[in-house]
Amino acid sequence: MNYFKVLGILFGLAAFLKPFYMHLLPWDENSFIEKFYSEKRPPYIVVIALFGLALIALTWYLHFTLNIENSIYLTVLFSLTAVKALFLLLDYKKFQKTVAAMLRKDRGRGVILVDIAASVIGLVILIATLYLY
């Protein structure tokens, strides 16, 4: 199985199932999000963001070296996650304030809407992956 098929399936499933594992399972997801993105940036945020950026760099490298048909689509879609990683590294305070505001307003309804949008994008990625590869 090629890298891009595995990436598309894992990335697509993680995004598609996000509303389920974040909101439908019986646990307090809002307090988890609040603790995970605490006011002071935890050290694991830097590690996760750097790992994500390294994975994006690997994806671009493999796109250019493996010559796999249609790999540009997943490469570009996966690269969009760099926006969040860069915010976590370069402007964490603004990101954290945005998340905290979303959690306070309408009992976290904004977070649910973001997760639903992520789910739709994940479904598109899954369908595209299964169709293209």
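The coordinates are above.
The present account deals with the structure reproduced in this document.

Cut-off values and rules
- Residues numbered from 1 in each chain as written.
- Predicted model: local features only at pLDDT ≥ 70, side-chain atom pairs only at ≥ 80, totals over all residues.
- Heavy atoms only, no water.
- Phe/Tyr/Trp six-rings, centres within 6.5 Å; stacked < 30°, edge-to-face > 60°.
- Buried < 20%, exposed > 50% of the residue type's maximum accessible area, 1.4 Å probe, protein only.
- 1 Å grid on protein atoms, 1.4 Å probe; cavity = no way out; pocket = protein on both sides within 12 Å on 5 of 7 lines; lining within 4 Å.
- Points joined across faces, edges and corners; volume = space filled by probe spheres on them.
- Helix = DSSP H or I, 4+ residues; strand = E, 2+ residues; numbered from the N terminus.
- Nonpolar A, V, L, I, M, F, W, Y, C, P; charged D, E, K, R; others polar.

With that out of the way, let us pick up the packing of aromatic side chains. Taken as a whole and judged by the stated rule, the model has eight aromatic pairs. Arranged with centres 5.3 Å apart and planes meeting at 85°, the rings of Y3 and F4 form a pair that is edge-to-face. The exposure class of Y3 is partly exposed, given its relative accessible area of 23%. Relative accessible area serves as the criterion here: at 0%, F4 is assigned to the buried category. Ring geometry for F36 and Y44: centres 5.1 Å apart, planes at 45°, overall tilted. By relative accessible area, which is 23% here, F36 ends up partly exposed. Relative accessible area serves as the criterion here: at 34%, Y44 is assigned to the partly exposed category. Taken together, W27, F32, F36, Y37, Y44 and F95 form an aromatic cluster joined through their ring pairs.

Here the focus is the layout of surface pockets. Considering only enclosed or pocket space, the largest pocket measures out at about 1600 Å³ in volume. Lining the largest pocket are 40 residues; nearest its centre among them are F11, K18, Y37, T81 and K84. Those elements that provide at least two residues to the lining of the largest pocket are α1 (3-16), α2 (18-24), α3 (29-36), α4 (43-66), α5 (71-79), α6 (81-90), α7 (92-104) and α8 (109-132). The dominant element in the lining of the largest pocket, judged by the number of residues it contributes, is α4, at eight residues. For the lining of the largest pocket, a count of residues per class yields 34 nonpolar, three polar and three charged.

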